Amino acid sequence: MVETKPEDHSPGQMVAHLIRSRSESGELISRGEILRILLDHHLLDGPEEELPDQGETLIEEIMENNADIIKLSAVGEEAHFFSSRFMSEAYARILIQKQSDSLLLIADLVRRNSALYPRPTPLEIFEQVPFDLTKEEVHGCLSQMANGEEYQDIQQTRSSLGNIFLFSTLHLEPEYAAMLAEWVDVGLADNP
Amino acid sequence: MKMAKYGGWAGKILRVDLTSGRSGTEDTVEKYKEVLGGTGIGYQVLWDEVPAGTKPLDPANKIIFATGPLAGTGAPCNGRTAVTTLWPTCWPKPLVATGHMGGQFAGELKYAGYDGIIIEGRADRPVWLSIINDQVEIKDARSLWGQGIRRTTLEISQQVGPETVVAAIGPAGENLVPMSVVMNSVSHSAGGVGSVLGSKNLKAIAVRGTGSVRIAGNKDEWEKLVKFHLSLLGANNQHVVPNSPQPWAEYYNPATRWVASKGRRWAAANPAIDTGSCDPHELNRLAYRTNNAAFFLGELAWRYTVRGNGCTSCPIRCHTMLRVPSVAAKYGIKEVGQNTCSGLQFGKAFFKNFPDGPRGQTQIEACMVGMNLADDLGIWCNYGQMQRDFQKLYYDGTIKQKLEENEFKSYSWDKYEKGDPSFLFELLPRIAQKQGELATVLGLGTGYVLEKWSLSEEEWKKDRRLMYWKMGHPKHHANEDAGQCGVIINTQYNRDAQNHSHCNFVRNGLPIDVQKGLAREIWGSRDAVDAAGSYTPMNPYKAKMAKWALLRKELHDSLALCNWMGPWVASPLKERGYRGDDTLESMLYSLATGDKKSAEELDLVAERIFVLHRALTIRDMGTKELRTQHDSIPEWVFRDSNDRPVYTKGTIHLDKDDLNLALDMYYEEMDWDKSTGAPSGETYQRLGLAKIADHLGRKGLLPQSRGEGKDVK
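Residues numbered from 1 in each chain as written. Chains lettered and ligands numbered in written order. Predicted model: local features only at pLDDT ≥ 70, side-chain atom pairs only at ≥ 80, totals over all residues. Heavy atoms only, no water.

> How do you make sense of the environment of B:Asp658 when you look at a structure like this?
All names here are of chain B. Note on placement: Asp-658 falls in helix H28 (residues 656-670). Asp-658 sits 121 residues away from Pro-537 along the chain, and the two C-alpha atoms are 6.6 Å apart. When near neighbours in sequence (up to four residues on either side) are disregarded, Asp-658 contacts Gln-484, Pro-537, Met-538 and Tyr-647. Here the side chain of Asp-658 touches Tyr-647 through a polar contact of 3.2 Å, side chain to side chain. (Helix = DSSP H or I, 4+ residues; strand = E, 2+ residues; numbered from the N terminus. Contact = heavy atoms within 4.5 Å. Polar contact = N/O pair within 3.5 Å; in protein donor to acceptor, adjacent residues only side chain to side chain.)

Here it is in structure tokens:
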């Protein structure tokens, strides 16, 4: 639980509290939103034209003084913040990629899972929290990937229940991916 | 009043002779401290009191319900009772084995003042045993005989009081059907032992205790230790990674039973409950992590989930309670049912197909019908082997061939083939009542089915889909879990191995690199574990892991901790590098009892218990040649459906020579003779079992010399 009351603290502490609170709820907060909140609540002092810079400075100070506050940004996108006390970097990356590039989101996750555990990734997971893509969006991504040179390592396998799993050939051989997909989808229930 | 020297133990074992109607007590610590409790007491009693050659249903056989020093304390996951006896489905010759039930029986028995009950003899009429603290009475059960487990439980509870815990058999046990259970607290059963109780005319044991379990150590330290233990818990089977991305989680793995997530709701609760993201530090949300109905039956099960149910002092609640309104009107059964794993899937597992697919409504209804019938009639599934056998025997035409035409036609096979759950009303009551050839044969257990119908065990041993291992029983977490380690474990028992130490580790959901890091700390090398389906040749560290897994199982079964949850060597805590604590059992034991033992010292006790099981097996088989005559591996382990070479990624089959080496390394790790697979006299001596060595020596059942490995049978 985020334990401090924001009204009792300085603007810096209040923003840190806000970031933590959002992280606990599974959300990032953008630099722009932080600045807007600071301005709306008159938490910055000085000439109006200097307020945005003051806000930037305050955010830098917050990061210096709170080791758990982490900045993350997708290429060409606005910076977002999260607290590592309440959110993992892996989860934050999903949220940031979700905002910018669904193809990369899917491909990165599939590659990471294929390399790390190793295991294929069930397609249905992209329709669930925190991805929240629609079925059409997911299948649209798969179609685009099939035609994109940089995604040729992302392949599909299907369990005997008919469910689709994605894997990266950079890390998993097709037969191995097929076996692991069948194990997760069917084998675990048959071998309780 | 003089305080007992040790805490933990209640201090007394209750002995009930049903032949004479007499009961008495013995001092637990004085007689059984060196084997702790649970299976340890069970094996010891069988060794001391039940001679070789006794049959399971003879009055001379005994059945031992034993808990352990941690049952009824505040230690997490302590609700286990081991039920040890000569095993009716062990084929071709009954040998020692144990069933394990959770629920509330173990704690209540401790509160009544007992660590265990030894049941012997045979009553001359149906009876039930009433235990209310030190008041022990054998009561007339003629009005209960023929009743299901639910009504029996209800009627006895009405007589004794609502807090009473009743362990009862159903008609299957009464009718001496070997595939039968004893069950307490609605759904918590020990499989395989119902007919032994039936043969003794013992319908039920009702326990009510108003005492407590004394903790010998400092109470603050105890509280701190319990909190520490809770902090290391994952979800069911100690899966420490959630199965979908959670804000707090560095990892997620769809293979785990940690299924809670924001938006996943126990929708049949009133009001519905959102399971939430379940940060591992929020110990008050531990019970939301697991929903085994959703894990086994799919997303639809969330709609019907009321809550989790479970055992004394266990926050995991692995028995998911479902409310499925449609089954009341369709099948005339209760709309509420609960169970876990194989028990949950009891009805579903008979069918090959369902009209709406494998994850639809009908499979859930089949589960509800199956639970309703099996958990009342008291039928055992033998880890799903009854259902796999049934499918095989029907679809290969054996059933039609073996039955008289009239009997065959008495079943609605069209319903069966269509996946209509109402078919179970035709089959399961007949199994419990031994009505007809098919039902009677199915109730015998696989080995005796094969014998009765002159079928080849070799055929069962070749077919991986049947999961059959040996001696009438299936594999239970074999080469699919931890490769050679799983295979070794499955060679060791006289029923399915029921060992979860190894699979709880390899299925915990962590990335393979993290698992390997933990493996290095626990078993001395990263090479002790392989990634699922990416196996490497045998090495000594895998043998160490196998020994560890076996000893921890016996330790848990004797302390009364749950081996479906432990050991706790991995945790969900990133700040601990996902480490658990391999000394947890010894810390709990030492503080609870006051008998300070290190993890190594307690492992030695576990080894004593396990070797006692080995000695009983040798004595009752009448041979020391266990390597060739007992520790066998079915042919399907060596086969791959696509003829891929061993150690190819994506296959879990293993090499015969490599498994010979695995047994060599394992026997060496156990300090057993490699040629026979039998413990040596020195091993028995080292474990304080010199008298057993003397006995076996006199019978010619000690290995003469250490030899080289023989071929795997």
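> Quick question: what am I supposed to make of the sheet that holds strand S15 (residues 305-309) of chain B here?
One key point about sheets: their strands pair by backbone hydrogen bonds, in either a parallel or an antiparallel sense. Residue and element names in this part refer to chain B. Spatial ordering of the open sheet is given by S15-S16-S17, a layout of three strands whose pairing is antiparallel. At either end of the open sheet lies a strand with only one pairing partner, and these are S15 and strand S17 (336-339). The sheet shows a mean angle of 20 degrees between the axes of neighbouring strands, direction not considered. As paired elements, S15 and strand S16 (residues 319-323) share four bridges and run antiparallel to each other. Considered in S16, the bridge of Arg-307 is made with Met-321. Helix H12 (residues 361-377) contacts S16 and S17 of the sheet and is inclined by roughly 75 degrees relative to S17. (Pairing = 2+ DSSP bridges. Axes fitted to C-alpha atoms, helices over the stretch in contact; angles between N-to-C directions.)

> Quick question: what am I supposed to make of the nonpolar core here?
If you look at soluble globular proteins, the nonpolar side chains tend to sit buried side by side. With 121 residues, the main nonpolar core has B:Leu36, B:Trp222, B:Leu510, B:Tyr666, B:Tyr684 and B:Leu696 as its most contacted residues. Considering every element that reaches this core, the biggest residue donor is helix H26 (residues 599-621) of chain B, with 10 residues. (Core = buried A, V, L, I, M, F, W, Y, C linked by side-chain atoms within 4.5 Å. Buried < 20%, exposed > 50% of the residue type's maximum accessible area, 1.4 Å probe, protein only.)

> Would you take a moment to explain the domain arrangement of chain A for this structure?
You'll often see interface size given as the accessible area lost when the parts meet. Residue and element names in this part refer to chain A. Each assigned domain of chain A is listed with its residue range as follows: domain 1 (6-95) and domain 2 (101-190). Placing a centre on the C-alpha atoms of domain 1 and another on those of domain 2 gives a separation of 33 Å. Residue-level contacts link four residues of domain 1 with six residues of domain 2. Together domain 1 and domain 2 conceal approximately 350 Å² of surface at their shared face, both sides included; 81% is due to carbon and sulfur atoms. Among the residues domain 1 hides against domain 2, the three largest losses belong to Ala-90, Tyr-91 and Ile-94. Together they make up 91% of the total. Linking domain 1 to domain 2 there are zero salt bridges. Put simply, domain 1 and domain 2 have zero residue pairs in polar contact (both at pLDDT 80 or more) between them. When its residues are assigned to classes, the side of domain 1 that touches domain 2 shows four nonpolar, no polar and no charged. (Domains from an automatic or database assignment. Buried area = accessible area lost by both parts, 1.4 Å probe. Salt bridge = Lys/Arg side-chain N within 4 Å of Asp/Glu carboxyl O. Nonpolar A, V, L, I, M, F, W, Y, C, P; charged D, E, K, R; others polar.)

> Looking at this structure, I do not really get the confidence of the model for chain B. What am I missing?
One rule of thumb: low pLDDT means the predicted coordinates there are not for detailed reading. All names here are of chain B. Looking at chain B, pLDDT values average 97 and 98% of them are 70 or higher. Low confidence marks residues 707-713, where pLDDT is under 50. Its contacts with residues over four positions away, or in another chain, come to 24 contacts. Across the whole predicted complex the pTM is 0.96, and at the interface the ipTM reaches 0.94. (pLDDT = per-residue confidence, 0-100.)

> Would you mind showing me how to read the interface of chain B and chain A here?
Taken residue by residue, the interface counts 44 residues in chain B and 37 residues in chain A. Taken over both partners, the interface formed by chain B and chain A buries close to 3,000 Å², and the fraction arising from carbon and sulfur atoms is 59%. The three residues of chain B that bury the most area against chain A are B:Pro245, B:Pro247 and B:Tyr252, which together make up 21% of that side's buried surface. At the junction of chain B with chain A, the criterion picks out one salt bridge. On the surface where chain B and chain A come into contact, there are 18 residue pairs in polar contact (both at pLDDT 80 or more). Classifying every residue of the side of chain B that touches chain A by side-chain character gives 20 nonpolar, 12 polar and 12 charged.

> I would appreciate a short explanation of the packing of helix H2 (residues 31-40) of chain A against helix H3 (residues 51-65) of chain A in the present structure.
Packed helices, taken two at a time, are described by the angle between their axes plus the distance between the axes. Residues and elements named next belong to chain A. At a minimum axis distance of 10 Å, the contact between H2 and H3 shows a crossing angle of 115 degrees. Between H2 and H3 the crossing geometry is right-handed. Across the interface between the two elements, Arg-31, Ile-34, Leu-35, Leu-38 and Leu-39 of H2 pack against Leu-51, Pro-52, Gly-55, Glu-56, Leu-58, Ile-59 and Glu-60 of H3. Taken together, the residues that form the contact of H2 with H3 break down as eight nonpolar, one polar and three charged. (Left-handed = near helix turned anticlockwise from the far one by under 90°.)

> I tried to follow the packing of aromatic side chains on my own but got confused; where do I start?
Within a pair of aromatic rings, the relevant descriptors are the distance that separates the centres and the angle that separates the planes. All names here are of chain B. Using the criterion set out here, one finds 36 aromatic pairs over all chains in the structure. Between Phe-295 and Phe-296, the aromatic rings sit 5.0 Å apart at their centres with planes inclined by 90 degrees, giving edge-to-face as the arrangement. Both residues of the pair, Phe-295 and Phe-296, count as buried. Residues Trp-413 and Tyr-416 carry aromatic rings whose centres are separated by 6.0 Å and whose planes lie at 85 degrees to one another, so their mutual orientation is edge-to-face. Taken as a pair, Trp-413 and Tyr-416 lie in helix H16 (residues 413-418) at a separation of three residues, close to a single helical turn. (Phe/Tyr/Trp six-rings, centres within 6.5 Å; stacked < 30°, edge-to-face > 60°.)

> Teacher, can you tell me more about empty space enclosed by the protein here?
With a probe scaled to a water molecule rolled over the atoms, the places where space remains empty come into view. For the structure shown, the criterion picks out seven cavities of 30 Å³ or more. In this structure, the largest cavity spans a volume of roughly 700 Å³. Taken together, 47 residues form the lining of the largest cavity, with B:His100, B:Ser189, B:His319, B:Thr340 and B:Trp564 sitting closest to its centre. Looking at the lining of the largest cavity, the elements that each hand over two or more residues are strand S5 (96-101), strand S10 (181-184), strand S11 (188-191), helix H11 (341-344) and H12 of chain B. With four residues, the single largest contributor to the lining of the largest cavity is S11(B). Residues belonging to the lining of the largest cavity are distributed by class as follows: 20 nonpolar, 21 polar and six charged. Formed jointly, the lining of the largest cavity draws a minimum of three residues from each of two domains, domain 1 (12-208) and domain 2 (476-698) of chain B. One number sums up the size of the second largest cavity: a volume of about 340 Å³. Of all elements in the fold, only helix H7 (174-190) of chain A together with helix H23 (512-523) of chain B reach the threshold of two or more residues within the lining of the second largest cavity. Tallying contributions element by element places H7(A) first for the lining of the second largest cavity, with five residues. (1 Å grid on protein atoms, 1.4 Å probe; cavity = no way out; pocket = protein on both sides within 12 Å on 5 of 7 lines; lining within 4 Å. Points joined across faces, edges and corners; volume = space filled by probe spheres on them.)

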